[in-house]
Amino acid sequence: MKTRLLIRLFMIISILMITIYANAQKIGVSMANQYSERWIKEATLINDKLKQLGAEVLMETADDNTEKQITQAQKLIDAGVKVLIVASVDCVASAKIVEIAHKAGVLVIAYDRLILNSDLDYYISFNSVKIGELLANYVIKLKPTGNYVFINGPIIDFNSKLIREGVMKVLNNPIKQGAIKLVLDKNLSEWAELEAYMEMSTYLNGNNPKPDAVITGADVIGVGVATALDERNYLATTPLVGQDADLQACKGIVNDKYSATILKFPKNLANEAALLAYKLAKKETIDKNNFQTVNNGKIDVPALLLDPLLIDKSNLEKDIIKSGYLTKEQIYQK
């Protein structure tokens, strides 16, 4: 008798699990790449949150290849996803993803990178204009005059434009007044440490003035710049900033080889994107009280823009280590 009850209980649980799985909302995630520190972390966070909510997650990564991402998006749509979260490789070309998704009745959330010239449904990111302002304001307090270098990310990522907008809001007047001279203003072809190192090395090897301060669009760029500056013993006297709170940047801050970074609380961004996607898949009403709009060249897209936080030596312990973002062992290891 006991065995029969156990068998029946097992069958009931199995049927319930099959029913729950069959009714799970299918949500697709298309990541730009899975080799940079931030995208590896955020892909995991999005996946974990969606599964916690009860969704079935289908994820693809494009290896920074535009055509591959479009093909993968079609694959996810064909697999029956109801919502697609896209961290795009190319902010212009990804309009094709929105187009093919809408033809299949699939909603699209642009994750951290706005998709331009499209009928995009939602955009979730951090306030990149504010990030640019934070970086420039920090540097200008340390070096209010002198030769500035600004090395930014690729123009195919709309965040590069927004970061530049914020940086130049701060620098425009000092440049016009002659207090600051922008001796190098460069967009890289990729968010890449090696390319950043080569760009900075080429500048330093030329007949160019020594930089008094360097602003970069991301820590992956800043770390490459730091290596080039350090090779010439310039690093100790040259304020250098970036964003993303990457491990190497945080280690540089404690070792006086990096001035400041921007923490963007990836868990918050991932959780918000996952929660929005899940609600959309279930056709729940979206509370837009915290949303604003961002024009993508075609429409005003409902946007949730989270606040970034500047990190330097004064708050690294509290906001990076004690928050659990990185461990003390990671940051202080040789």
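The shown structure was predicted, so the numbers you read here are calculated from the model rather than taken from an experiment.

Draft legend 1. Local environment of the environment of alanine 73. Of note, alanine 73 is situated in helix α3 (residues 66-78). The buried category is assigned to alanine 73, whose relative accessible area is 0%. Among all residues touching alanine 73, those that are not within four sequence positions of it are Leu84 and Ile97.

Draft legend 2. Summary view of the pattern of salt bridges. Throughout the structure, instances matching the rule amount to 16 salt bridges. Among the ionic pairs, lysine 68 bridges to aspartate 63, the shortest N-O distance being 2.5 Å. Taking relative accessible area as the criterion, lysine 68 reaches 34% and is therefore assigned partly exposed. Taking the relative accessible area as the measure of exposure, aspartate 63 reaches 42% and is therefore partly exposed. Lysine 96 is the partner of glutamate 99 in a salt bridge, and the nearest nitrogen-oxygen pair spans 3.8 Å. Here glutamate 99 pairs with lysine 96, and both are found in helix α4 (residues 95-103), just 3 residues apart, close to one helical turn.

Draft legend 3. Structural view of the sheet that holds strand β3 (residues 83-86). Ordered in space as β2-β1-β3-β4-β5-β12-β11, the 7 strands form an open sheet in which the pairing is mixed. Lying at the two open borders of the sheet, with one neighbouring strand each, are β2 (56-61) and β11 (292-295). With strand direction ignored, the average angle separating the axes of adjacent strands in the sheet is 25 degrees. Here 4 bridges tie β3 to strand β4 (residues 107-111), and the two strands are oriented parallel to one another. Within the sheet, the bridge partner assigned to isoleucine 85 lies in β4 and is isoleucine 109. Across the sheet, helix α2 (residues 37-53) lies against β1 (26-31), β2, β3 and β4, angled at about 175 degrees from β1, the strand it touches most. Sitting on the sheet, helix α10 (residues 266-281) is in contact with β1, β3, β4, β5 (122-126) and β12 (300-306), with an inclination near 175 degrees to β4.

Draft legend 4. Looking closely at the environment of leucine 310. Locating leucine 310 in the fold gives a position in strand β13 (residues 309-311). The class for leucine 310 is buried, based on a relative accessible area of 16%. In the structure, leucine 310 is positioned 170 residues away from isoleucine 140 in sequence and 14 Å away in space, judged by C-alpha atoms. Those residues in contact with leucine 310 that sit more than four places away from it in its chain are Leu134, Tyr138, Ala260, Thr261, Ile262 and Asn315.

Draft legend 5. Expanded view of the sheet that holds strand β8 (residues 213-216). Across the sheet, 4 strands lie side by side as β7-β6-β8-β9; this open sheet has parallel pairing. Either end of the sheet is taken by a strand with one partner, and the two such strands are β7 (180-187) and β9 (240-241). Contacting β6 (146-152), β7, β8 and β9, helix α5 (residues 128-142) runs over the sheet at an angle of about 170 degrees to β8. Across the sheet, helix α8 (residues 219-231) is in contact with β6, β8 and β9; its angle to β8 comes to roughly 155 degrees.

Parameters and conventions
- Residues numbered from 1 in each chain as written.
- Predicted model: local features only at pLDDT ≥ 70, side-chain atom pairs only at ≥ 80, totals over all residues.
- Heavy atoms only, no water.
- Helix = DSSP H or I, 4+ residues; strand = E, 2+ residues; numbered from the N terminus.
- Buried < 20%, exposed > 50% of the residue type's maximum accessible area, 1.4 Å probe, protein only.
- Contact = heavy atoms within 4.5 Å.
- Salt bridge = Lys/Arg side-chain N within 4 Å of Asp/Glu carboxyl O.
- Pairing = 2+ DSSP bridges.
- Axes fitted to C-alpha atoms, helices over the stretch in contact; angles between N-to-C directions.

No statement about biological role is implied by the geometric values presented.
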